[in-house]
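Structural features, examined
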Amino acid sequence: MNSLPSDARLPLYQRLRDQLAQQIANNRWRPGEAIPTEAALSAEHQLSTGTVRKAVDALVAEGILERHQGRGTFVRRPQFHSSLFRFFRFQSATGERQVPESRILSIEPLAAPSAVAQALGLPAHAAVIRIVRLRLLEDQPVLAEDIWLARARFQGLLGIDLSQQGPLLYPIYETVCGQVVAFAEETLTAEAVDEVHARLLHVPLGSPVVVIERLARDYAGTPLEWRRSRGHAEHFRYHVDIR
C-alpha cells in the first residue's frame, strides 16, 4: 500500500508528483541536490517504476527537477538575478548598464490588508511582514517596491538587519527562513503615481509609472511573496521576438 496524501480521484503518478513537489518545498531535498533514483522512490512508495517515472517526468517538464546525463535527477535552482532587466533599462550617463543599489526603508509586522491576504492565500487580517525597498541609480530612486510575506514563514527576517544581507532577497529567504522561491508570475500595468510613491521616486504627483505585480511561489505552488514594484516610465522597455 502506498500512502499518497492527495486527492484519490487523481491518477497515481499525479498524486506522487504532488507529494514529491511538497517534499521539495519542505526542504527534503534542497535546490541543486539529487533526489533518489526511480528504483528507490518506487520501493519507498510501493509504486511501479513506470508510475514513478511519469511523476518525475511531470516535475522535469514543469522545471522543478532537471536531469543530468549520467549523474541523476536534481532539484532545479531558479535564477531570478536578471529578472529586473526584462522590463527596465538602467544605464549610467555613458550608456553602460548598471545594477541599481538596493536600500531597505522599512520592515514591519502588520495585519494583512484584504488584497494582500487574497494574493497570498491567507485568512483575512493574517499576520504578515511588509518590506519597503528602494532601488537607486547614482543615488537617484528609480524603483519603489512594496513586498508582502506571510509572517509564519518569514518570522526570521524580523530578527536580522536586512540592509546588511546583500541586494538580493531570495537568497536571504532561503538561508534565513528556509523558503525557496521556485516560480513567479508577473503582471504589468501603468498608473498615475500616488502621493506616497511620488515622494519615494522623486517625481511629480500623477506622473506615469509602470507597475510590476509579482506573485512568487514555492515548489509546491504555495504563494510565498507578493510584491508591487513601481518604476519610472522613462526606464521602462518592452521587447518581444515575433517569428
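Bear in mind the structure is a predicted one, so any value in this text is a computation, not a measurement.

Quick word on unusual backbone geometry
The backbone of Asp-139 sits at a positive phi, close to 70 degrees, despite the residue not being glycine. Asp-139 gets classed as exposed once you look at its relative accessible area, which sits at 56%.

Description of helix α3 (residues 49–61)
With 13 residues, α3 extends 18 Å between its outermost C-alpha atoms, agreeing within 8% with the 18 Å of an ideal straight helix rising 1.5 Å per residue. Within α3 the residues assigned to the buried category are Thr-51, Val-52, Ala-55, Val-56, Ala-58 and Leu-59. On an axial view of α3, the arc spanned by its buried residues comes to 155 degrees, and they lie on one face. Positive backbone phi, approximately 85 degrees, marks Gly-63, located one or two places after α3.

So, the pairing of strand β5 (residues 140–150)
Most of β5 is tucked away, with ten of its eleven residues classed as buried. Where strand β4 (residues 127–137) and β5 come together, ten bridges link them in antiparallel fashion. Bridging across to β5, Ile-129 finds its partner in Leu-149. Counting the residues that bridge the hairpin from β4 to β5 gives two residues, and of these Glu-138 lies at a positive phi of roughly 50 degrees.

Some thoughts on the pattern of salt bridges
What the rule picks out here adds up to 20 salt bridges. A salt bridge links Arg-67 to Asp-57; the shortest N-O distance between them is 2.6 Å. Taken together, the residues Arg-67 in strand β1 (residues 65–68) and Asp-57 in helix α3 connect sequence positions ten residues apart. Its relative accessible area of 40% is what places Arg-67 among the partly exposed residues. Residue Arg-230 is joined to Glu-191 by a salt bridge in which the shortest nitrogen-to-oxygen separation is 2.9 Å.

Things to note about the packing of helix α2 (residues 38–45) against α3
Two numbers describe how α2 lies on α3: the axes approach to 9 Å, and their chain directions differ by 115 degrees. As far as their axial angle goes, α3 and α2 are roughly perpendicular. For the crossing formed where α2 meets α3, the hand is right-handed. Every residue of α3 that contacts α2 at Glu-38, Leu-41 and Ser-42 is listed here: Thr-49, Val-52, Arg-53 and Val-56.

Observations concerning the side chain of His-197
Relative to the helices and strands, His-197 is located in helix α7 (residues 195–201). Within polar-contact distance, the side chain of His-197 engages the side chain of Arg-230 at 3.2 Å. What His-197 contacts, discounting residues up to four positions off in sequence, is Ala-144, Asp-146 and Arg-230.

What about the nonpolar core?
Core analysis: the largest hydrophobic core is formed by 19 residues, its most contacted members being Ile-24, Ile-35, Ile-64, Leu-65, Val-75 and Tyr-219. Contributions of two or more residues to this core are made by α1 (12–25) and α3. For this core, the element with the most residues is α1, which contributes five residues. Not counting chain neighbours up to four residues away, the residues in contact with Tyr-219 comprise Ala-21, Ile-24, Ala-25, Pro-31, Ile-64, Val-75, Arg-76, Arg-77, Pro-78, Val-180, Ala-182 and Phe-183. In this structure, Ile-131, Cys-177, Val-181 and Ala-216 belong to the second largest nonpolar core, which totals 15 residues.

Conventions and cut-offs
Residues numbered from 1 in each chain as written. Predicted model: local features only at pLDDT ≥ 70, side-chain atom pairs only at ≥ 80, totals over all residues. Heavy atoms only, no water. Buried < 20%, exposed > 50% of the residue type's maximum accessible area, 1.4 Å probe, protein only. Helix = DSSP H or I, 4+ residues; strand = E, 2+ residues; numbered from the N terminus. Expected span 1.5 Å × (residues − 1). Arc of directions from axis to C-beta. Pairing = 2+ DSSP bridges. Salt bridge = Lys/Arg side-chain N within 4 Å of Asp/Glu carboxyl O. Axes fitted to C-alpha atoms, helices over the stretch in contact; angles between N-to-C directions. Parallel < 35°, antiparallel > 145°, perpendicular 65-115°, else oblique. Left-handed = near helix turned anticlockwise from the far one by under 90°. Contact = heavy atoms within 4.5 Å. Polar contact = N/O pair within 3.5 Å; in protein donor to acceptor, adjacent residues only side chain to side chain. Core = buried A, V, L, I, M, F, W, Y, C linked by side-chain atoms within 4.5 Å.

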